[in-house]
Structures are given as structure tokens and as C-alpha cells.
Amino acid sequence: MDNIFIEGQNPLSGSVKISGAKNAVLPIMTAALMAEGKSVITRVPNLRDTRTMIRLMEIVGATCTFEDDKLIIDGSTVNNPEAPYDLVKTMRASFYVLGPLLARFGMVKVSLPGGCAWGPRPVDFHLKGLEKLGAKITLESGYILAEADRLKGTELSFEFPSVGATGNIAMAAATADGTTVIDNAACEPEIVQLCEYLNLMGASIHGIGTPKLIIDGVDKLHSANIEVIPDRIEAGTFLTAGALLGEITLEDVNPKHLDTVLLKLKEAGCGITTTKSSITISPADSIQAVDMTTAVYPGFPTDLQAQWVALMTLANGSSVITDTVYHDRFSHVPELNRFGANIKLENNTAFVRGIDELIGAPVMSTDIRASASLIVAGLAAKGQTVVSRVYHIDRGYEKIEEKFRSLGANIWRKNPVT
Ligand code: EPU
């Protein structure tokens, strides 16, 4: 297993290209299963999660080729609507095959995802939504079995605008008989792009990007091509590092997707300039403490909460950071405290008292975004940091150490000495 080593406090400068968004490409890949023929998806990040999803595509029978950042999925050969436990347990996003395969085959068997590093993460909204569309859902030996001759349009309202449930139900409803209205739908850019992709495939979805999606069912979808949107979470991670370590420019990014994050960075004292597809951040002389509460889009993303906590450990003053999307997503807190940070946790709120300097330490990744926060802290800390279990970071960040090295960081990867 690899470790990432960081010799901290090297200033950052220059520019870095942001990859395609993990959380956009994963559901787009499963949507491609709904059609016969070849779909070409470009700007696909080469991540552990995209490779896991390709394995799942192949298990269900799709033919995939992945070269550079171009992924071709041929849905003509799909014949096995089943997502096995071994894959689903490593990546919850595998659950995105539920809606598409049910819609195409009238049945699907998907392992029930377990808990994850930060809590239970239920899938009840997905299942209730499919039931409303007329599916019969049963649980068999840890697998969800969903069956329906043809799904029927319906009206439903999510208790919470779940990203995954909105995606799954939108895909399932795309070829249902009649119109489906989803109230309290997720508005995240990744869901917007999924709906746009479904429309390119022949679906008829209206209200995209609003909390009310109206989906007029069509008989059939066809294959379609798309370029994946920039990864706003990768971008936000680089911004928190830039805020601490030097002026950097992110290229091939969509600043609009990061409005709330950019506002918070300005509040913290950073200079921000944007063009249509780039963001330049210059650090504050002294980072100001800024409270932050995560929220669904366009609020501050939960996927940048850990990185914001890392930034605030070096702020001038105290800040209060609350995660309203996931209440247990704080496994980075004890690890950040190993750098000497002063963070106290109460329920879903971190109280961070800024200090002058972090000191490098051996720390352990626990999930994708927690790992990213440890890398940001390690880059800013004095001395050496060793981040173990970096497979978590490889799930969601493409060539992270190469990208940071190109900006001047002293960061490298090697196997642990045993
Ligand atoms: N929820 C339920 N029941 C459900 C579904 C969700 O109670 O059936 C709750 C969750 O427990 C959570 C909230 O609703 O409290 C939001 O969960 P959501 O369904 O929106 O999350 P998700 O679809 O499972 C995606 C991203 C996550 C990101 C969240 C929130 C993908 C593949 N994953 O997860 O990304 O944190 O939305 O924005 O898109 C990551 O990339 O590191 C990551 C975890």
C-alpha cells in the first residue's frame, strides 16, 4: 500500500488543470447502460472510482474502452442486471445502476450498500421513489431486488434533496409510462449534467437545475456523447491549499459552480479573480476565521468541509463549522489534531481555534475528502507528513501529488518501509 510523503511549507505558484468531475461521470456512465450503441464520454478522470465503475459496467455486460480521458461504453451487450456485493461495498455510487437497469430490463439486483466511514448513509429515498414508480422491491440475502414490467410516471417529493436518489429516479423515470414529477430534487451541477445527458439520449426532462424536475417518459433512449464538467471539489481542494501557500491558477474550471466557496475564501481574506474557465487565488496575509455551514447546492458543499476545517486550523481566530448534510463526517478531526491543530467536535459541529503553525505528522486517510484535508494540512505544516491509506484519495483525485508537485510542493508517493 502506498503512502504519500510531504515536506511542508513549500510555497505554491503556477497553474493546474482541473479534471472532469467524479460525481458527474459516475451516474453518466450508468445512464449509458440504458441504451444500445456506443456512448463516448470525454474528460473522464482516471480514478479508482471510475475504474471500479468500469468493472461494474463490464460485469453487467457492457463493453468499455478507456483511453486517455475518453471512455466508450457500448450498451448493446448489457445482459446481466446485477451489481455484486464486492463492488458495491467498495463504492456506494454503484447503486446508480439501480434505476437504469430496472428501466431497461424490468428487473435489477443490487447489493445493499453498507455503512461507510462516517455513518449509515441509507438508500431509503431511492427505494421509496422506485416503489412509487411501480417497482416491487424485496430484500434477499443483502441484495435489493427491484422488479417492474414498465415503470409508471408518478409524483414524489424527497424529504431531503438527495443527489443519488434524484439521479436514480430521474434515470428510472426517463423511460417510464407517463410523466414523473420530482419535488425537492437535488440541484447539484452533477445532477444537472446527468439530466442534460439523459436529454441528449432522447429523454424529456424539464426544470433541470431547479428543485422540481418534470420527466415526460419516452419509449426508448439512444446512446449519446458528452464531455464531463470540471470537478468543483477537486478545484475547491486546490483553492484551500492556494489560500495557505501561494498564488495559483486553476484552469478548465467552472467558477460559477464554486460561487459560495469563493465568497467564503474572500471573507477569509484571499484574493480571487476569475475568468469564464479559470480561478486565481492569492493568499491572505493572515487567514481570517470564517464560520461555515454546509448545505445542498448552491450552499457550501459537504465534500469541501474537511478541507475548510484544515484551512481554518491556521486562521486568525476561532471558527465554527457545521455539516448539515452528513452529521458524522468528521473523521479528519482527530487526524488534523495530530498536526497540533486545536479542533473540538460536538455532534455535527467542529470548533476550530486557529494556531500559528501545524507540525508535520504521520496521519491516516479515512475517506476521500478527509484525505484531501490531510494533504492540505501536510502541505502547510512544518516538517514531514506521511499520509497512509492513500487508496482513499486515489478514489477521487487524479494524480494529486503530481499536480501539487507541478505547483512547487514537495510531495511524493512511495511504499511504506515495513
Ligand atoms: N439520505 C437518506 N436517504 C437516502 C439518500 C440520502 O437519508 O436514500 C441522506 C444521506 O444520509 C445524507 C443526505 O441524504 O444525509 C444527502 O445524501 P445524498 O443522497 O445527497 O448523497 P449521495 O448521493 O450518497 C453524493 C456524492 C457525495 C456527496 C453527497 C452530498 C456521489 C457519487 N456522491 O452522495 O460525494 O457528499 O452527494 O453532496 O455523487 C465524495 O465525492 O466524496 C462524496 C461522498
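Residues numbered from 1 in each chain as written. Predicted model: local features only at pLDDT ≥ 70, side-chain atom pairs only at ≥ 80, totals over all residues. Heavy atoms only, no water.

Right, let's talk about the packing of helix 10 (residues 305-312) against helix 12 (residues 368-380) for a bit. In contact at an axis separation of 7 Å, helix 10 and helix 12 are set at 25° when each is read in the N-to-C sense. Compared by their axis directions, helix 10 and helix 12 come out roughly parallel. Handedness of the crossing formed by helix 10 with helix 12: right-handed. Together, Ala306, Gln307 and Ala310 of helix 10 and Arg369, Ala370, Ala372, Ser373 and Val376 of helix 12 make up the contact between the two elements. (Axes fitted to C-alpha atoms, helices over the stretch in contact; angles between N-to-C directions. Helix = DSSP H or I, 4+ residues; strand = E, 2+ residues; numbered from the N terminus. Parallel < 35°, antiparallel > 145°, perpendicular 65-115°, else oblique. Left-handed = near helix turned anticlockwise from the far one by under 90°. Contact = heavy atoms within 4.5 Å.)

Turning our eyes to something else, we now look at helix 5 (residues 124-132). Among the residues of helix 5, Phe125, His126, Leu127, Gly129 and Leu130 are the ones counted as buried. Looking at the buried side of helix 5, the elements it contacts are helix 4 (98-105), strand 8 (136-140), strand 9 (143-147), strand 10 (155-157) and helix 6 (163-174). Two residues or fewer past helix 5, Gly134 is found with a positive phi of approximately 100°. (Buried < 20%, exposed > 50% of the residue type's maximum accessible area, 1.4 Å probe, protein only.)

Right, let's get into the nonpolar core. Counting residues in each nonpolar core, the largest one holds 76 residues, and the members touching the most others are Met29, Ile41, Met57, Ile73, Leu130, Leu198 and Met201. In terms of residues, this core owes the most to one element, helix 6, which gives seven residues. Not counting chain neighbours up to four residues away, the residues in contact with Met57 comprise Met29, Thr30, Leu33, Ala62, Cys64, Ile73 and Val97. With 67 residues, the next largest nonpolar core counts Leu245, Leu250, Leu379 and Ala381 among its residues. (Core = buried A, V, L, I, M, F, W, Y, C linked by side-chain atoms within 4.5 Å.)

This paragraph deals with unusual backbone geometry. Following Tyr297, the chain continues into Pro298 via a peptide bond in cis, with omega recorded as 10°. Among the structural elements, Pro298 can be located in the loop between strand 18 (292-293) and helix 10. With a phi angle near 50°, Asn347 is a residue other than glycine that sits in the positive phi range. Mapped onto the elements of the fold, Asn347 is located in the loop between strand 20 (342-346) and strand 21 (349-353). Judged by its relative accessible area of 70%, Asn347 is exposed. With phi around 50°, Lys399 is a residue other than glycine that occupies positive phi space.

Quick look at a negative patch on the surface now. A surface patch of negative charge is lined by Glu67, Asp68, Asp69, Glu227 and Asp252. Positionally, Glu227 belongs in strand 14 (residues 226-227). Its relative accessible area of 52% is what places Glu227 among the exposed residues. (Patch = residues over 30% accessible without salt bridge, like charges linked within 9 Å, V, L, I, M, F, W, Y side chains within 5 Å. Areas by Shrake-Rupley, 256 points an atom, 1.4 Å probe, with all protein chains shown as cover. Salt bridge = Lys/Arg side-chain N within 4 Å of Asp/Glu carboxyl O. Lys, Arg positive; Asp, Glu negative; His and termini not counted. Charge placed at Lys NZ, Arg CZ, Asp CG, Glu CD.)

Our next topic: the sheet that holds strand 5 (residues 70-74). Strand order in the open sheet formed by four strands is 4-5-3-14, with mixed pairing between adjacent strands. For this open sheet the edge positions go to strand 4 (63-67) and strand 14, each flanked by a neighbour on one side alone. Relative to strand 14, strand 3 (residues 38-42) runs parallel, the two sharing two bridges. Along strand 14, the bridge assignment pairs Thr42 with Glu227. (Pairing = 2+ DSSP bridges.)

Further remarks concern the pattern of salt bridges. Taken as a whole, this structure holds 16 salt bridges when the rule is applied. A salt bridge links Glu234 to Lys403, with the shortest nitrogen-to-oxygen separation between them at 2.6 Å. Highlighted residues: Glu234 in helix 8 (residues 232-245) and Lys403 in helix 14 (residues 400-406), separated in sequence by 169 residues. The exposure class of Glu234 is buried, given its relative accessible area of 2%. For Glu267, the salt bridge identified is with Lys264, shortest N-O distance 3.8 Å. Taken together, the positions of Glu267 and Lys264, both in helix 9 (residues 259-267) and three residues apart, correspond to about one turn of that helix. For Lys264, a relative accessible area of 18% puts it in the buried group. Several salt bridges converge on common partners, so that one network encompasses Asp2, Asp394, Glu401 and Arg413.

What follows concerns helix 4. Three or four residues apart is the spacing at which side chains of an α-helix point the same way, because the helix has 3.6 residues per turn. When we look at burial in helix 4, the residues that qualify are Leu98, Gly99, Pro100, Leu101 and Leu102. Next to the buried residues of helix 4 lie helix 1 (22-31), strand 6 (82-83), strand 7 (107-111), helix 5, strand 9 and helix 6.

A word on the environment of Ser319. With respect to the element layout, Ser319 can be found in strand 19 (residues 318-322). Relative accessible area serves as the criterion here: at 1%, Ser319 is assigned to the buried category. Along the sequence, Ser319 and Asn337 sit 18 residues apart, while their C-alpha atoms lie 15 Å from each other. The contact partners of Ser319, leaving out residues within four places of it in the chain, are Ala289, Val290, Asp291, Met312, Ala350, Phe351 and Val352.

Quick look at the sheet that holds strand 16 (residues 271-274) now. Ordered by their spatial adjacency, four strands build an open sheet running 2-15-17-16, and the pairing between neighbours is mixed. Among the strands making up the open sheet, the edge pair consists of strand 2 (14-17) and strand 16. Averaged over neighbouring strand pairs, the angle between their axes works out to 20° when direction is ignored. Bridging between strand 2 and strand 15 (residues 248-251) involves four bridges; their strand directions are parallel. Looking across to strand 15, one finds that Ser15 is bridged to Thr249. Across the sheet, helix 8 is in contact with strand 2, strand 15 and strand 17 (278-282); its angle to strand 15 comes to roughly 170°. Packed on one face of the sheet, helix 9 meets strand 16 and strand 17 and runs near 145° to strand 16.

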